[in-house]
Amino acid sequence: MAKKKVNRKKVLKREWAKLKKASREQLEKVVDVAETVVDKAVEQVKEVVADIKHQAATNLEEFQALPELEGIPVSRLETFYQAGIKSVADFAAWTEKDLLGLKGIGAATIKQLKEKGIALKG
């Protein structure tokens, strides 16, 4: 029996279509995984933001009651609160020099903050 003549152009087109379809399917899988990862990251960020908002005191009394600030004189805490420091995390935006510029805040207060593990800006 005679061998059937193969149309190379059609074969190549079919193979090209298969490759495109496989690539598209792989790309869709990658996109699905990426979307899942991004969704999880967004949820984690939302949780962190909620925690930070929860930690920020809504009034001076709540700020003074934060356990991390226990032992620091009330007058110093009032100064911090009036300067815009409403949570322990807010101290990270302030340098020692900035805090020392506040009325009534001295080296002893800075030392107390550091001893309590409160991080200040570089």
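Parameters and conventions
- Residues numbered from 1 in each chain as written.
- Predicted model: local features only at pLDDT ≥ 70, side-chain atom pairs only at ≥ 80, totals over all residues.
- Heavy atoms only, no water.
- Helix = DSSP H or I, 4+ residues; strand = E, 2+ residues; numbered from the N terminus.
- Buried < 20%, exposed > 50% of the residue type's maximum accessible area, 1.4 Å probe, protein only.
- Contact = heavy atoms within 4.5 Å.
- Phe/Tyr/Trp six-rings, centres within 6.5 Å; stacked < 30°, edge-to-face > 60°.
- Core = buried A, V, L, I, M, F, W, Y, C linked by side-chain atoms within 4.5 Å.

### Quick look at the side chain of T109
Okay, step 1: Within the fold, T109 resides in helix α5 (residues 107-115).
Okay, step 2: T109 gets classed as buried once you look at its relative accessible area, which sits at 5%.
Okay, step 3: For T109, the residues in contact, after removing those within four places along its chain, are R76, F80 and G104.

### Here's the deal with the packing of aromatic side chains
Okay, step 1: Enumeration over the complete set of coordinates arrives at two aromatic pairs.
Okay, step 2: Between F63 and Y81 the ring centres are 5.6 Å apart and the planes differ by 45 degrees, which places this aromatic pair in the tilted class. Placement of the pair is F63 in helix α2 (residues 60-64) and Y81 in helix α3 (residues 74-82), with a sequence separation of 18 residues.
Okay, step 3: Considering the side-chain rings of F80 and F91, the 5.0 Å spacing of their centres and the 85 degrees angle between planes classify their relative orientation as edge-to-face. On the criterion of sequence distance, the pair formed by F80 in helix α3 and F91 in the loop between α3 and α4 (96-100) is long-range, its members being 11 residues apart.

### What about the nonpolar core?
Okay, step 1: With 17 residues, the main nonpolar core has F63, L69, F80, I85, F91, L99 and L113 as its most contacted residues.
Okay, step 2: Of all the elements in the fold, those that place two or more residues in this core are α3 and α5.
Okay, step 3: Of all the elements, α3 adds the most residues to this core, at three residues.
Okay, step 4: The residues contacting L99, other than those within four sequence positions of it, are F80, I85, F91, W94, I105, I110, L113 and L120.

All we've got here are geometric facts, nothing functional implied.
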